[in-house]
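Each chain, written out:
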Amino acid sequence: MRPVRSAPRPAPPEDGGPPAPTAARGPARLLSCAIAAVLAAAVLHPAPASAAVGASVSYETIVSHDGTELSAKVITPTGVEGPHPLLVMPSAWGTPQIIYVGAAARLAMESGYQVVAYTSRGFLDSGGEIEVAGPDDRADAGAVIDWALENTEADPDRIGMAGISYGGGISLLTAAEDDRVRAVASLSGWADLAASLYPDETVNRQAAELLLLAGNLTGRPGEDLSEMEEEYRRGNIRPALDLAPDRSAATKVDALNANGTAVMMAHAWNDGIFPVGHVTDFYEELEGPKRLMLAPGDHATQEAFGALGLPDEVWESLGDWFDHHLRGQENEVDAEGPVHVRPNNGSGGWTSHPDWPSVTGGSDEYYLAEPSGDWFRWQSSGAMGTEPATGWDYRFRTGIGTPAESGTVLLSGALQQFFDIPTGVLLPTVDRYRAAVWTSPAYPDGVRVAGTPEATFTFTPTAEDQSVFLHLYAVDGNGAGSLISHTPHTLRGAVPGEPVTVTAELEPVVWDVPAGHRLAVVVDSRDARYTSESALGDRVDVTSPEDAPTRVTVPLA
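The residue numbering used here restarts from 1 in each chain and proceeds along that chain's sequence as written. The model is predicted, so local features are restricted to residues of pLDDT at least 70 and side-chain atom pairs to those at 80 or more, both for listing and for counting; the totals for chains, interfaces and linings are taken over all residues. To obtain the side-chain values, all non-hydrogen atoms of the structure were used and water was disregarded.

Engineer: I keep staring at the overall build of the protein chain and nothing clicks. Help me out?
Structural biologist: Secondary structure summary: the protein chain contains 14 helices and 24 strands in total. Between buried and exposed lies partly exposed: a residue is buried under 20% and exposed over 50% of the maximum accessible area for its type, with that area taken using a 1.4 Å probe on protein chains only. Considering the protein chain as a whole, with its 557 residues, one finds that 58% of them fall into the buried category. For the protein chain, the exposed surface amounts to about 20900 Å²; the carbon and sulfur share of it is 53%. Working definition: helices are DSSP H or I runs of at least four residues, strands are E runs of at least two. Numbering for both runs from the N terminus. We get accessible surface area from the Shrake-Rupley algorithm with a probe of 1.4 Å; when it comes to residues, only the shown protein chains can shield them.

Engineer: Just checking my understanding: could you explain the environment of Asp431 for this structure?
Structural biologist: Along the chain, Asp431 turns up in the loop between strand 14 (424-426) and strand 15 (435-442). Asp431 sits 58 residues away from Gly373 along the chain, and the two C-alpha atoms are 8.5 Å apart.

Engineer: It is not clear to me how the sheet that holds strand 15 should be interpreted in this structure. Could you clarify?
Structural biologist: Hydrogen bonds between backbone groups are what pair the strands of a sheet, and the pairing can be parallel or antiparallel. Strands were regarded as paired on the criterion that DSSP finds at least two bridges between them. In space, the five strands of this open sheet follow the order 14-19-18-22-15, with antiparallel pairing throughout. The open sheet has two edge strands, strand 14 and strand 15, and neither has a second partner. Across the sheet, the mean angle from the axis of one strand to that of its neighbour is 30°, orientation sign disregarded. Where strand 18 (residues 466-475) and strand 19 (residues 480-491) come together, 10 bridges link them in antiparallel fashion. Bridge pairing in strand 19 links Ser467 to Thr490. Only the stretch in contact is used when fitting a helix axis, every axis being a line fitted to C-alpha atoms; angles between N-to-C directions are given from 0 to 180 degrees.

Engineer: Would you mind going over the pairing of strand 17 (residues 454-461) with me for this structure?
Structural biologist: Two faces belong to every sheet, and in a regular strand the side chains alternate between them. Of all eight residues in strand 17, seven are buried, a share of seventy percent or more. With six bridges connecting them, strand 17 and strand 20 (residues 500-505) associate as antiparallel partners. Looking at strand 20, one finds that Thr456 is bridged to Thr503. In terms of strand pairing, strand 17 meets strand 23 (residues 539-543) through four bridges, oriented antiparallel. Among the inter-strand pairings, Thr460 is bridged to a residue of strand 23, identified as Asp541.

Engineer: Can you help me understand the packing of aromatic side chains in this one?
Structural biologist: Any two rings among Phe, Tyr and Trp, with Trp reduced to its six-membered ring, count as a pair given centres within 6.5 Å; such a pair is stacked if its planes are under 30 degrees apart, edge-to-face if over 60, and tilted if neither. Scanning the model with the defined rule gives 12 aromatic pairs in all. Put simply, the rings of Trp93, Phe123, Tyr166, Trp190 and Phe274 touch in pairs and so form one group of aromatic residues. Consider the ring centre and the ring normal. A charge sits over the ring if Lys NZ or Arg CZ is within 6 Å of that centre and within 35 degrees of that normal. Above the face of the Tyr283 ring, Lys290 is positioned so that its terminal group lies 4.5 Å from the ring centre.

Engineer: Where do I start with the packing of helix 6 (residues 205-218) against helix 7 (residues 223-233) in this structure?
Structural biologist: Where helix 6 meets helix 7, the closest approach of the two axes is 12 Å, and the angle between their N-to-C directions is 135°. Viewed along their axes, helix 6 and helix 7 adopt a mutual orientation that is oblique. Judged by the twist between their axes, the crossing of helix 6 over helix 7 is left-handed. Contacts from Arg205, Ala208, Glu209, Leu212 and Asn216 in helix 6 reach Leu225, Glu229, Tyr232 and Arg233 in helix 7. Angle categories: roughly parallel below 35 degrees, roughly antiparallel above 145, roughly perpendicular from 65 to 115, and oblique for all the rest. Left-handed describes a crossing whose near helix is turned anticlockwise from the far helix through less than a right angle; right-handed describes the clockwise counterpart. The contact definition used throughout considers only heavy atoms, calling two residues in contact when any of these lie within 4.5 Å.

Engineer: How do you make sense of the pairing of strand 4 (residues 114-118) when you look at a structure like this?
Structural biologist: Taken across its five residues, strand 4 has five buried, putting it largely inside the fold. On strand 4, burial covers both faces: Gln114, Val116 and Tyr118 on one face and Val115 and Ala117 on the other are all buried. Pairing between strand 2 (residues 69-78) and strand 4: four bridges, direction antiparallel. In the sheet register, Ile75 faces strand 4, and the bridge partner there is Val115. Where strand 3 (residues 84-90) and strand 4 come together, five bridges link them in parallel fashion. Among the inter-strand pairings, Met89 is bridged to a residue of strand 4, identified as Ala117. The handedness of a crossover follows from its direction of travel: if, with the strands pointing away from the viewer, the path from the first strand over the helix to the second runs clockwise, the crossover is right-handed. One crossover worth recording links strand 3 to the parallel strand 4 by way of helix 2 (residues 101-111), and it is right-handed.

Engineer: Would you explain unusual backbone geometry in this entry?
Structural biologist: Excluding glycine, residues mostly have negative phi values, and the peptide bonds linking residues are mostly trans. Between Gly82 and Pro83 the backbone carries a cis peptide bond, its omega angle lying at 0°. Along the chain, Pro83 turns up in the loop between strand 2 and strand 3. Look at Glu201: it is not a glycine, yet its phi comes out positive at around 60°. Considering the arrangement of structural elements, one finds Glu201 in the loop between helix 5 (193-197) and helix 6. You will see that Ala300, though not glycine, has its phi angle at about 70°, which is positive. Of the residues examined, Ala300 reaches a relative accessible area of 16% and is grouped as buried.

Engineer: What am I meant to see in a negative patch on the surface here?
Structural biologist: What makes a patch is a set of residues exposed beyond 30% relative accessible area and free of salt bridges, joined within 9 Å when like-charged and within 5 Å when nonpolar (Val, Leu, Ile, Met, Phe, Trp, Tyr). We count a salt bridge whenever a side-chain nitrogen from Lys or Arg sits within 4 Å of a carboxyl oxygen from Asp or Glu. Counted as positive: Lys and Arg. Counted as negative: Asp and Glu, with His and the chain ends omitted from the count. Throughout, a charge is located at the NZ atom of Lys, the CZ atom of Arg, the CG atom of Asp or the CD atom of Glu. Side chains of Asp200, Glu201, Asp254, Asp281, Glu284, Glu285, Glu287, Glu454 and Glu505 sit close together on the surface and give a patch of like negative charge. Ranked by the residues each element gives to the negative patch, the list is headed by helix 10 (residues 277-285), at three residues. Of the residues examined, Asp254 reaches a relative accessible area of 62% and is grouped as exposed.

Engineer: Honestly, the side chain of Asn345 in this entry has me stumped. Any pointers?
Structural biologist: Locating Asn345 in the fold gives a position in the loop between strand 9 (339-341) and strand 10 (351-353). Residue Asn345 is classed as buried on the basis of its relative accessible area of 11%. If we ignore the near neighbours within four places in the chain, the residues touching Asn345 are Gln416, Asp420, Val510, Trp511 and Asp512.

Engineer: How should I be thinking about the nonpolar core in this particular structure?
Structural biologist: A general trend in soluble globular proteins is that nonpolar side chains are found buried together. Buried Ala, Val, Leu, Ile, Met, Phe, Trp, Tyr and Cys residues form a nonpolar core when they are joined through side-chain atoms within 4.5 Å. Counting 66 residues, the largest nonpolar core has Leu86, Trp93, Val116, Tyr118, Tyr166, Phe282 and Val341 as the members making the most contacts within it. Here this core gets six residues from one element, more than from any other, and that element is helix 4 (residues 166-177). Ignoring sequence-local partners within four residues, the contact set of Trp93 consists of Phe123, Ile130, Val132, Tyr166, Leu211, Ala214, Gly215 and Leu225. Listed in part, the 36 residues of the second largest apolar core include Trp392, Val449, Val468 and Ala494.

Engineer: Honestly, the environment of Ala389 in this entry has me stumped. Any pointers?
Structural biologist: By the secondary structure assignment, Ala389 is in the loop between strand 12 (384-385) and strand 13 (393-397). Distance in space between the C-alpha atoms of Ala389 and Tyr367 is 6.3 Å, their sequence separation being 22 residues.

Note that every value here comes from positions in space, so none of it alone points to a role or purpose.
Written out as structure tokens, the structure reads:
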């Protein structure tokens, strides 16, 4: 991948068209003024004398299909003849259209795009109520496209959509229903809402609370969202699960493929709201032009500064993506492999691959022997070996957590991204009465973990509903561990006393294990990120039967 450009792109030539397609107002104004004042000199500075393209900015009210008024910022390129390729950008959850102030200006001034960024329905200075990317939100996007075609020199044959988080999800869903949208870029978006907020039947509590808080503070929840929150507070997430399929691009992948939509997705390894695992699954289902970028960070932390107009690799790639698919330019989109990954730790650079499975070159399969209850002999607390170890039984208590945690949404991933500070654990301090711990032999030369780790365990619960949490660490010689990946898993409707064999995928990752470090696996019953169904006083038995030995498969580059 090329380095980020700091100089403006040359003025775009008069395009001959793209390749033939395949089959609360007050707070918003204050925020807009503040951001505009800070960024005006850097983003909207006068173009040099040699530049042929500038931009004019207007603020418009676009009336949607049902009369709802949407607040929009319209950035029109000047100094270049139309018609212009059109980019429509719905705002992220709880934010106004000004979120894209810098990126939208650059796309218009440097590449001649007609850009319409708007505040999503129900939030801040737009009307209506929050519909959680429902049918009205997709109809809004279509209405914005209609408005742009009627009121600007937008080209009806060259339409794209892009957005961060909520805006990315709406963009994908709209493209599945509106074949006018030729290309999409979803940054920190979701593809499967249920898999994001209810991974392995476990409520992602921190994500749910953060989204509900932001929605209530900055918007007006609609009937569906209000019901979802009311039932969630009662411990019932069924209303959310019932609404999820219609609001998930994963259920509409056939329509995206039929439309031939070019889909770019950029995501962070540590995204705590929309975990990365469902994104790689969705990506592999796409059959049209596609690109996937995975790098350190948490939800929207990768692309936030780029949205303000600062140099950013994700937004640079987004510009290339639309230049290729809407302006017909030959660029790196053709020359590079479509899957781009950067290690989640260290200073490793980007690598490109033909598809997601190609990120993994091999694997180490470890069979787990009976754990030990010795806290201090942690290096031999439970062997991870190459031969099956069966017939053992290990019981730990539930309801009280251990230092093994997956971290805090937004904070942990940002620390990893900006300061290379991982979510850590001191392995000797993990209570062996409340967890099972295993360690591997050391890697003398180090190793790169690359792909989706997988674990097979047999649990015998003592209650109908019980949660367990699996953590994979890289551990140094002093027992200090760095979290590589994790996953929750909740047994629901189990028969107490009857064993259940579970095969679970941990979150995908690329992680460089330093020389001399070893891997460690920790299984316990609580994690502050999630709602645990494991009650105080219950137990979980971990066993390794002959027909399903307990094991962990670690993908390697």
